[in-house]
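Coordinate analysis (summary)
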Amino acid sequence: MIDQVEIEVVAGKGGDGAVSFHREKFTPRGGPDGGDGGRGGDVIIRADRRRSTLDAFSDRRSQRAQDGIAGGVNQRKGAAAPSMELRVPVGTVIYDLETDEVIADLTVEGMAAIVARGGRGGRGNKRFANSTRQAPRFAQRGALGQKRWLRLDLKLLADVGLVGLPNAGKSTLLTAWSRARPKIAAYPFTTLDPELGVVLAGGETFVAADMPGLIEGASQGVGLGHEFLRHIERTRVLVHVLDMTREEPLEDFAMINGELHAFGHGLSEKPQIVALNKIDDPDGRARVELLEREIAALGFPYRAISAAAGEGTQALAALALTVLRQAQDAEAVAESEAIPIIEPDPVRRGRYDSYVDEDGVAVIDGPTPNWLAQTLDLHDRDPREEFYTRLRRMGVARALRRLGVEDGDTIRVGGVEVRWQD
Ligand SMILES: Nc1nc2c(ncn2[C@@H]2O[C@H](COP(=O)(O)OP(=O)(O)OP(=O)(O)O)[C@@H](O)[C@H]2O)c(=O)[nH]1
Ligand SMILES: [Mg+2]
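On a predicted model such as this, the values are computed, not experimentally measured, just so you know.

**Describing the site of ligand 1**
- Taken together, the neighbourhood of ligand 1 is formed by 16 residues, with Asn167, Lys170, Ser171, Thr172 and Asp280 sitting nearest.
- With respect to ligand 1, the side chain of Lys278 contributes an N or O atom lying 3.1 Å from an oxygen atom.
- For ligand 1, a nitrogen atom lies 2.7 Å from a polar atom in the side chain of Asp280.
- Taking 650 Å² as the accessible area of ligand 1 by itself, protein coverage stands at 67%.

Below, the structure is given as structure tokens:
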């Protein structure tokens, strides 16, 4: 059972560096004091057990973090943007859509992955001052944030399983619950199996699984019993549906629980809620009144409902959600130690490739050269000088000479074509 969505994540752009000069009453122009821009926000995806589907992304395919703030006068640094956190259900696998590589498998509550890095802030003009250039009239732009397409895959596991005898009203209940779910336009829910339903309760959702009815001997494999019971194994909370129009609903209840116990695998330890169904039927209602004290004495939370008429079904959903959250809280305690954050590979700033492309143009390709080409205004003399100086310091001149590049030849750096000046 796969719930799947494709989204674009765009980290924030870095704030631009400022161009400014110190000003005092009798000094019309002092030294450069433009501050640096702040970093753009990262995009982070975090597993949150309060999410049960990927619906939230169906109408917002592009997720964009905020940009960093520009630097200011008087060396004031622009603020870094906060990262944007997207919340997905536990069990979501994040793929790079282009390469199909797994970026992260968020198996644990709270686990997170940085999926797009914010751009670096640009440097203010103060940082470009040196002995020969005391009043730089340029600053650096903030770098663009990382941008990529992701595929999120969620293997839907049911939170709540419906159990009971054949004909108890399990399928009718799931239908009633699913009717209450608001339609979300254009969401491809057709990929869901019919036995699973997303149930809305108090603004939150959980996933419920309908099961075929269990019969006596199911734990011994009678009537495909083993197969059905294995499905129940993967749910956290059971809703036990009782047909109150039957002669002895409490015997039915005991029989089913006996089968769950006999099968083992922790089925009988799962939290259970009892749904006393078919109270729209006069016999059913009468029997609820007759047996209510006995049922209460069993110690299970219960609700009287009419699955067919949709009566009491929302209250039952709310109760199921409460019990589900309690079960999850108990699990979360065990997992609350170190919550891993998955970080992308560190950028190796000093590294770059140099080669001649199919058009015969020499290319320099690496994080730092690309960054400089994108953030310094190469149409302007001073920042262009700065750019070449920085490249020469990285040994680019030697690499280009090796490729046969001479002064004045066109080269390509970070997607920008420039004339090489040694
Ligand atoms: N009067 C009344 N009939 C109901 C109610 N809920 C279910 N039924 C009827 O009971 C019969 C069985 O309902 P289902 O929902 O198919 O029962 P089930 O538990 O899914 O049965 P299996 O899939 O065979 O295990 C159907 O005829 C329903 O219309 C109810 O609240 N009141
Ligand atoms: Mg059914």
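Structure shown, so let's carry the discussion forward.
**Overview of the environment of Thr245**
- Relative to the assigned elements, Thr245 resides in the loop between β12 (237-243) and α3 (249-263).
- Sequence-distant contacts of Thr245, defined by excluding residues within four places in its chain, comprise Lys278, Asp281, Gly284 and Arg287.
- For Thr245, the side chain forms a polar contact with the side chain of Asp243, separated by 2.6 Å.

**Here we look at the packing of aromatic side chains**
- According to the stated counting rule, one finds 5 aromatic pairs in the structure shown.
- With centroids separated by 4.8 Å and ring planes inclined at 35 degrees, the aromatic side chains of Phe128 and Phe138 adopt a geometry described as tilted. A residue pair is termed long-range when its members are at least 10 positions apart, and Phe128 in the loop between β7 (112-116) and β8 (147-155) and Phe138 in the loop between β7 and β8 qualify at 10 residues.
- By relative accessible area, Phe138 is classed as buried at 4%.
- Taken together, the ring pairs in this structure connect Phe387, Tyr388 and Trp420 into an aromatic cluster.
- One Lys or Arg, Arg120, reaches over the ring of Trp371 and ends 3.6 Å from the middle of that ring.
- Sitting over the face of the ring of Tyr95, Arg151 holds its NZ or CZ atom 4.2 Å from the ring centroid.

**Describing the pairing of β12**
- For β12, the buried fraction is high: 7 of the 7 residues fall into the buried class.
- Side chains Val237, Val239, Val241 and Asp243 of β12 all project onto a buried face; the interleaved residues Leu238, His240 and Leu242 project onto the opposite face, where all are buried too.
- Two strands pair when backbone bridges link them, and strand β9 (residues 160-164) and β12 are joined in this way by 5 bridges, in the parallel orientation. The partner of Gly164 across the bridge, within β12, is Val241.
- As defined by bridge partners, β12 adjoins strand β13 (residues 272-277) across 6 bridges and the pair is classed as parallel. When the sheet's bridge partners are listed, Leu242 is paired in β13 with Leu276.
- After leaving β12, the chain enters α3 and then returns to the sheet as β13, a path that is right-handed.

**Let's talk about the domain arrangement of the protein**
- Partitioning the protein into domains gives domain 1 (1-155), domain 2 (160-330) and domain 3 (353-419).
- Each of domain 1 and domain 3 has a C-alpha centre, and these two points are 26 Å apart.
- The interface is formed by 9 residues belonging to domain 1 together with 11 residues belonging to domain 3.
- Of the roughly 990 Å² buried at the junction of domain 1 and domain 3 (both faces included), carbon and sulfur atoms supply 50%.
- In this structure, the salt-bridge partner of Arg133 is Glu386, at a minimum N-O distance of 3.2 Å.
- Counting the contacts that link domain 1 with domain 3 gives 4 residue pairs in polar contact (both at pLDDT 80 or more).
- For the side of domain 1 that touches domain 3, the per-class residue count stands at 3 nonpolar, 2 polar and 4 charged.

**Focus on the sheet that holds strand β19 (residues 416-419)**
- One open sheet holds the 4 strands; their spatial order is β16-β17-β18-β19, and the pairing between them is mixed. Edge strands, defined here as strands with exactly one partner in the open sheet, are β16 (353-356) and β19. Taken over all neighbouring pairs, the strand axes of this sheet differ in orientation by 25 degrees on average, direction set aside.
- Sheet topology note: the strand β17 (residues 362-365)/strand β18 (residues 410-413) ladder contains 3 bridges and is parallel. Bridge pairing in β18 places Ala362 opposite Ile411.

**Points about the sheet that holds strand β15 (residues 341-342)**
- One open sheet accounts for 4 strands, arranged β4-β2-β7-β15; its pairing is mixed. Edge positions in the sheet fall to β4 (84-88) and β15, since each has one partner strand and no second.

**Some thoughts on the nonpolar core**
- Core analysis: the largest hydrophobic core is formed by 25 residues, its most contacted members being Leu173, Trp177, Phe206, Val239, Ile273 and Leu316.
- A per-element tally of this core places helix α5 (residues 313-335) first, with 8 residues.
- When near neighbours in sequence (up to four residues on either side) are disregarded, Leu173 contacts Leu162, Val239, Val241, Ile305, Ala307, Thr313 and Leu316.

**Points about the side chain of Asp210**
- Following the sequence through the fold, Asp210 ends up in the loop between β11 (204-209) and α2 (225-233).
- There is no salt bridge for the buried Asp210, and the closest opposite charge comes from Lys170, which lies 5.8 Å off by N-O distance.
- Here Ser171 takes part through its side chain, which lies 2.6 Å from a polar atom of the side chain of Asp210.
- Apart from the residues lying within four places of it in its own chain, the contact partners of Asp210 are Leu162, Lys170, Ser171, Leu174 and Glu195.

Conventions and cut-offs
Residues numbered from 1 in each chain as written. Chains lettered and ligands numbered in written order. Predicted model: local features only at pLDDT ≥ 70, side-chain atom pairs only at ≥ 80, totals over all residues. Heavy atoms only, no water. Near = heavy atom within 4 Å. Polar contact = N/O pair within 3.5 Å; in protein donor to acceptor, adjacent residues only side chain to side chain. Areas by Shrake-Rupley, 256 points an atom, 1.4 Å probe, with all protein chains shown as cover. Helix = DSSP H or I, 4+ residues; strand = E, 2+ residues; numbered from the N terminus. Contact = heavy atoms within 4.5 Å. Phe/Tyr/Trp six-rings, centres within 6.5 Å; stacked < 30°, edge-to-face > 60°. Buried < 20%, exposed > 50% of the residue type's maximum accessible area, 1.4 Å probe, protein only. Lys NZ or Arg CZ within 6 Å of the ring centre and 35° of its normal. Pairing = 2+ DSSP bridges. Right-handed = clockwise from strand over helix to strand, strands pointing away. Domains from an automatic or database assignment. Buried area = accessible area lost by both parts, 1.4 Å probe. Salt bridge = Lys/Arg side-chain N within 4 Å of Asp/Glu carboxyl O. Nonpolar A, V, L, I, M, F, W, Y, C, P; charged D, E, K, R; others polar. Axes fitted to C-alpha atoms, helices over the stretch in contact; angles between N-to-C directions. Core = buried A, V, L, I, M, F, W, Y, C linked by side-chain atoms within 4.5 Å. Lys, Arg positive; Asp, Glu negative; His and termini not counted.

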